[in-house]
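Secondary and tertiary structure notes
Listed below are the residues making up each chain.
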Amino acid sequence: MENINAKYVSQKISKTRWCPVSYSSLQQPEVFATGSWDNEDNKVSIWSIGNHNNSGLEDGFEGDPQILCEHKHGGDVLDLQFLDQERMVSASSTGAVTIFRYHPNTHTISVLQHWARAHSYPCDNAPCTALVCSSPEIVTVGEDGRIVVFRADQEGAVRVIGEMRTRMLPPHKESSLKLSVVFVRECRQQHNSRGDLPKDHGGFDGDRAPLHCVDRHPNQQHIVATGGQDGMLCVWDVRQGGTPISLMEAHSAEMWEVRFHPTNPDHLFTCSEDGSLLHWETASHSEMPSFLQGGRNSSVISHGALTPAGGNRPLSSAWLCGDSGKGCLETTHMLPSQTMSVNSLDIIGQCLVCGTDGEAIFVNRHVPV
Amino acid sequence: DLKSVLSLSIQNIPALRRGKHMGFAWGQGNIFVYETLFKATGSGSPFIHEVRKDEDIYSPILRKLFNESHHIFVGLQTIREDLPSKNKKPQFVSISKNYRSVIRACMEELQQVAGYPLIRSVLLQVSILLAIELIWNLCEVLFIDAAPAGSLLLHLLDWVRLHKADVDEKARDVLQSDSPAEHRDYWDVPGGTQTLTEFDVKWRHWHEEVDRCLQDNSFASNQHLEVLCKILLGDEDTLLEHKDLLGTWYHFLVSRLLFCHPTVKPTELHYYAQSCMTMFLDSRSAPEPLDSILLAAFEFDIHQVIKDCSIALNNWWFVAHLTDLLDHCKLLQSHNLHFGSNLREFLLLEYASGLFTHHSLWQLAVDYFDHCLEFGRVYLELQIERVPLDTERKALKVLRICEQRQMSEQVRSICKIMAMRALRNNRLGSALSWSIRAKDAAFATLISERFLQDYCAKGTFSDLDLIDNLGPAMLLSDRLTFLGKYREFHKLYGEKRFKEAAKLLLSLMTAKIAPRSFWMTLLTDALPLLEQKEVIFSADQTYELMFCLEELTSSLNTPSSDSDKSMQEEDVELTKVELLRLALSRNLAMAIVKEGTVET
């Protein structure tokens, strides 16, 4: 926890996202974007933690985020994703979807595209709750129960999936729609694929809490982690559907985001309304009794007790251990205690950024992964 | 100028025309003001003006102050009560320093923003923060750290030096050349290697030495040195001559104490303070609010300090946090106010209520209310319902706050609002989820009815996912249970598990889960099962179905049944009944035969 400090930014942060770095350069990310919520004037901002040539900022210590530029945003920022290194897309509580372009030379943000009523009710605004990007396509999901596909260069929506009536899911299940959206993006089929996954979620037995977040294992696409209203972290094997492989009591309140580490997927991060951000790590090839048996307690073991075994990973990932007793799971708290709700997190390499309702951003550049 | 900043202000409302009457209404943290006419004639102005008392919470830089201090506040509340007080004092001092560093950080940021040209309003804010930090620092030295004689003066020196450096950079350079700091080396750190009396003796010795030098005119040749000497002796007149260097009466006070009474005891402070203030200030000018506050502090009258600060400042932030800290140090006698709560709680409640009016900072206020044991909960219950629920996400957060504190009334009310909103947009599934969360049986019944009506109208269900996964929530209301079970029937039918479907269908009627109005639909649903080649309903089951049908038709035939049905509708009804009767009898026949047959 030594490397983490709060930067107070005078806006409640709903989303933080690292600007993607080109994989070839293996750099650590230096620039991230944040979206705010619950302000009269919400903003999308770009920050940098790199070293600056224009330092007149003696009081900032190394790694202190400095704001580069910002742009106003209508409505709360409910989701924010980078399309590529310069463009990002935001989903708004007014139902609008906007593409912003960040100009690194002039440190400005401009609006490239704006779909004002991507999601709406007949007489009201319907918030756009989540979006997924795969350049140039953007797939968005909203409380009105529709999935809309946009293309970055086209004016209108490319496709609208989900008729108003029969596919209306309760809004807190929108994120399960997000997963099916991911499948849609891959299979590019309009009807079949989307039917699959929601049914899987429909089958779960003991756990009927609405889902808030979903993430796929970067390499093994059948492994999915979800988190929801009850703060439980569930790991699923999509091939087997039905019930989750493991259930862990991660948090005492809603889990807002779950993320697999993109290059080191034995690590998982979750953040929650209860103000904690947990770093989960599986260690394969261990004789210790499985943390996942029964899966009901979440203790915090100080990090460093176990290092993950390097080298060859078994094909069935450590996340799917279930009761087999082969794996062990460690959790570490990454933030000082008594922070307010952590709404969002993002991790690339060794850099973790998260934003809270206490109007603070935390950046950790030395996450042990 | 620091002093004039803390004073009562009168706000002109420029938009109101001169000579007009002003009407007003209190809001939460603000006043609505409008032009009004007592006579009925003449034109009026259609505008309402909002006068907000506290603009600070809308300043982006000051917002950081609120957030950071909230963090410190929560940390302070969780210090364990059972630690002995000598262990706690350093913690309290450190917390006090934390608060102050937050204030200073804000100040510095504001100063950076003020820049050139100097923005007046920002400078004003900076001045207020300066004043606040000055007062807080003094309170820390006198009350929290409670420095004893000896180290008291050192702390006061630090205090003055810190603020002198803030206010007047140029003076600092000059001051350092005359600075008493050089003479600090005369003394060892208090409490270090020598006792107070030892030090006192040494000091008196030195003082006499200097005095003798002066009397001897040893410095007569050099004017500056002579002045310096007189200062060292604490000669009042000399000191007063350098008023502009000193700047403030409290600087004068500390200087005088330094040179005349370095071993001053805390209890003696107020004599010197009063006299210094009188000497320093012109007799014609009345003491400014800041001066009286500082004087009250020197007199160790905590309540007076708090009271004066409350009046002078436009925001409860300072007094609330300071009082809370002093209360933790057990320095406030529990001073019961007329309306029941104590001073600390009163101030915290006022501050938090002010926060609640802010569209974003209301979340911080929740923690403050939590730590007001007597009235906090009530205040929270009243305020939390007024948070505007623009999005689902926000509603979920508010709900979480209420559920964690078992505020079931508020949970219900919030869920009802969200459910109504969903209903208005025809999102039945969403509305149902909200009413399940609120455990609101009545509303769940209402929504289930809508679902069923939808089904009757369209022949299909919406929001299947939700209904299929109700789980134990199904038992919330009878209608909801029926909805869930009915959907189950459809599923079974779809999976061609006809016997189970049939059994379920029958039980819906016999167990009276289904409302009577729906029985016709259920019986109609039974038709395809009856018409199957294979016998699905057993004879007993068929009898029961017939019984249900008879019950239904007899109630339909009673004179009280609605006679405004058109002839066509009645025909349809009759046909349906006849069809049913036919199907039932046929099924009965087949069932009897089947059950009577002995398989060989």
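Structure: above.
Before going into details, it helps to say that this report is about the structure given with it. Just so we're clear, the structure is a prediction, and the values are computed from it rather than from any experiment.

The next subject is the overall build of chain A. Helix and strand counts for chain A come out as two helices and 24 strands. Residue burial in chain A is summarised as follows: out of 369 residues, 60% are buried. Here the contacts in chain A between residues at least 6 apart in sequence split such that 55% fall between residues at least 24 apart. For chain A, the exposed surface amounts to about 14,300 Å²; the carbon and sulfur share of it is 48%.

All right, on to the sheet that holds strand β17 (residues 246-249) of chain A then. All names here are of chain A. Strand order in the open sheet formed by four strands is β14-β15-β16-β17, with antiparallel pairing between adjacent strands. Two strands bound the open sheet, and with one partner strand each, they are β14 (211-216) and β17. On average, each strand axis in the sheet is tilted by 20° relative to the strand beside it, whichever way the strands run. Both strand β15 (residues 223-228) and strand β16 (residues 232-237) contribute to a ladder of five bridges, which runs antiparallel.

Moving on to unusual backbone geometry. Note on backbone geometry: most residues besides glycine have negative phi, and most peptide bonds are trans. All names here are of chain A. Phi is positive for Asp 38, which is not a glycine, with a value near 65°. Topologically, Asp 38 is positioned in the loop between β3 (31-37) and β4 (42-48). Phi at His 107 takes a positive value of approximately 55°, unusual for a residue other than glycine. In this structure His 107 comes out as partly exposed when scored by relative accessible area, which is 37%.

Glancing now at helix α12 (residues 249-260) of chain B. All names here are of chain B. Counted at 1.5 Å a residue, the expected span for α12 with its 12 residues is 16 Å, and the 16 Å between its end C-alpha atoms agrees. Across the 12 residues that make up α12, a large majority, 12, are buried. Taken as a whole, α12 has its buried residues at Trp 249, Tyr 250, His 251, Phe 252, Leu 253, Val 254, Ser 255, Arg 256, Leu 257, Leu 258, Phe 259 and Cys 260.

Turning our eyes to something else, we now look at the pairing of strand β23 (residues 351-356) of chain A. Residue and element names in this part refer to chain A. Along β23, six of the six residues are buried, which leaves the element largely enclosed by surrounding structure. By the alternation rule, side chains of β23 split into Cys 351, Val 353 and Gly 355 and Leu 352, Cys 354 and Thr 356, which are all buried. Bridge count for strand β22 (residues 342-348) against β23 is six bridges, and the pairing is antiparallel. If you follow Val 342 over to β23, its bridge partner there is Thr 356. Connecting β22 to the antiparallel partner β23 that follows it, the hairpin turn spans two residues, and Gly 349 within it adopts a positive phi of roughly 60°.

Inspection of the entire model under this criterion finds 26 aromatic pairs over all chains. A centroid spacing of 5.7 Å and a plane angle of 50° characterise the contact between Trp136(B) and Phe318(B), whose relative ring orientation is tilted. Of this pair, Trp136(B) sits in helix α4 (residues 120-144) while Phe318(B) sits in helix α16 (residues 317-328), placing them 182 residues apart in sequence. For the residue pair Trp136(B) and Phe318(B), the accessibility class agrees, reading buried in each case. Judged by centre distance (5.5 Å) and plane angle (20°), the rings of Phe482(B) and Tyr486(B) are stacked. Within this pair, Phe482(B) and its partner Tyr486(B) are both found in helix α25 (residues 478-494), separated by four residues, close to a single helical turn. Feature note: the residues Tyr455(B), Phe482(B), Tyr486(B), Phe489(B), Tyr493(B), Phe498(B) and Phe518(B) constitute an aromatic cluster, connected by ring pairs. Just above the ring of Trp37(A) sits the side chain of Lys12(A); from NZ or CZ to the centre is 4.9 Å. Across the ring face of Trp519(B), the terminal group of Arg516(B) is positioned such that the distance to the ring centre comes to 4.6 Å.

Turning our eyes to something else, we now look at the interface of chain B and chain A. In this complex, chain B contributes 44 residues to the contact, which on the side of chain A involves 45 residues. Where chain B abuts chain A, roughly 4,200 Å² becomes buried across the two surfaces, and 45% of that area is made up of carbon and sulfur atoms. Summed over the three residues of chain B that lose the most area to chain A, namely Arg393(B), Lys397(B) and Arg427(B), the buried surface amounts to 17% of that side. Summed over the shared surface of chain B and chain A, the number is seven salt bridges. Across the pair Arg63(B) and Glu359(A) runs a salt bridge whose closest N-O atoms are separated by 2.6 Å. Counting every contact that joins chain B to chain A gives 22 residue pairs in polar contact (both at pLDDT 80 or more). Secondary-structure elements contributing two or more residues to the side of chain B that touches chain A are α2 (60-77), α18 (362-370), α20 (392-404), α22 (428-437), α23 (441-458) and α24 (464-468) of chain B. The dominant element in the side of chain B that touches chain A, judged by the number of residues it contributes, is α2(B), at 10 residues.

Turning to the pattern of salt bridges, a few remarks are in order. Residues and elements named next belong to chain B. By the definition in use, this model includes 40 salt bridges over all chains. A salt bridge links Arg 377 to Glu 381, with the nearest nitrogen and oxygen atoms 3.0 Å apart. Placement of both Arg 377 and Glu 381 in helix α19 (residues 376-384) is noted, with a separation of four residues, approximately one turn of the helix. Using a relative accessible area of 40% as the deciding quantity, one classes Arg 377 as partly exposed. Among the charged side chains, a network of salt bridges with common partners joins Lys 97, Arg 100, Arg 104, Glu 133 and Glu 140.

Note that Asp41(A) resides in the loop between β3 and β4. For Asp41(A) and Ile13(A), which are 28 residues apart along the polypeptide, the C-alpha to C-alpha distance reads 13 Å.

Our focus in this paragraph is the side chain of Asn42(A). Residue and element names in this part refer to chain A. Tracing the backbone shows Asn 42 in strand β4. Classification of Asn 42 as buried rests on a relative accessible area of 3%. A distance of 3.2 Å separates a polar atom in the side chain of Asn 42 from the backbone oxygen of Gly 75.

Cut-offs applied
Residues numbered from 1 in each chain as written. Chains lettered and ligands numbered in written order. Predicted model: local features only at pLDDT ≥ 70, side-chain atom pairs only at ≥ 80, totals over all residues. Heavy atoms only, no water. Helix = DSSP H or I, 4+ residues; strand = E, 2+ residues; numbered from the N terminus. Buried < 20%, exposed > 50% of the residue type's maximum accessible area, 1.4 Å probe, protein only. Contact = heavy atoms within 4.5 Å. Areas by Shrake-Rupley, 256 points an atom, 1.4 Å probe, with all protein chains shown as cover. Pairing = 2+ DSSP bridges. Axes fitted to C-alpha atoms, helices over the stretch in contact; angles between N-to-C directions. Expected span 1.5 Å × (residues − 1). Phe/Tyr/Trp six-rings, centres within 6.5 Å; stacked < 30°, edge-to-face > 60°. Lys NZ or Arg CZ within 6 Å of the ring centre and 35° of its normal. Buried area = accessible area lost by both parts, 1.4 Å probe. Salt bridge = Lys/Arg side-chain N within 4 Å of Asp/Glu carboxyl O. Polar contact = N/O pair within 3.5 Å; in protein donor to acceptor, adjacent residues only side chain to side chain.

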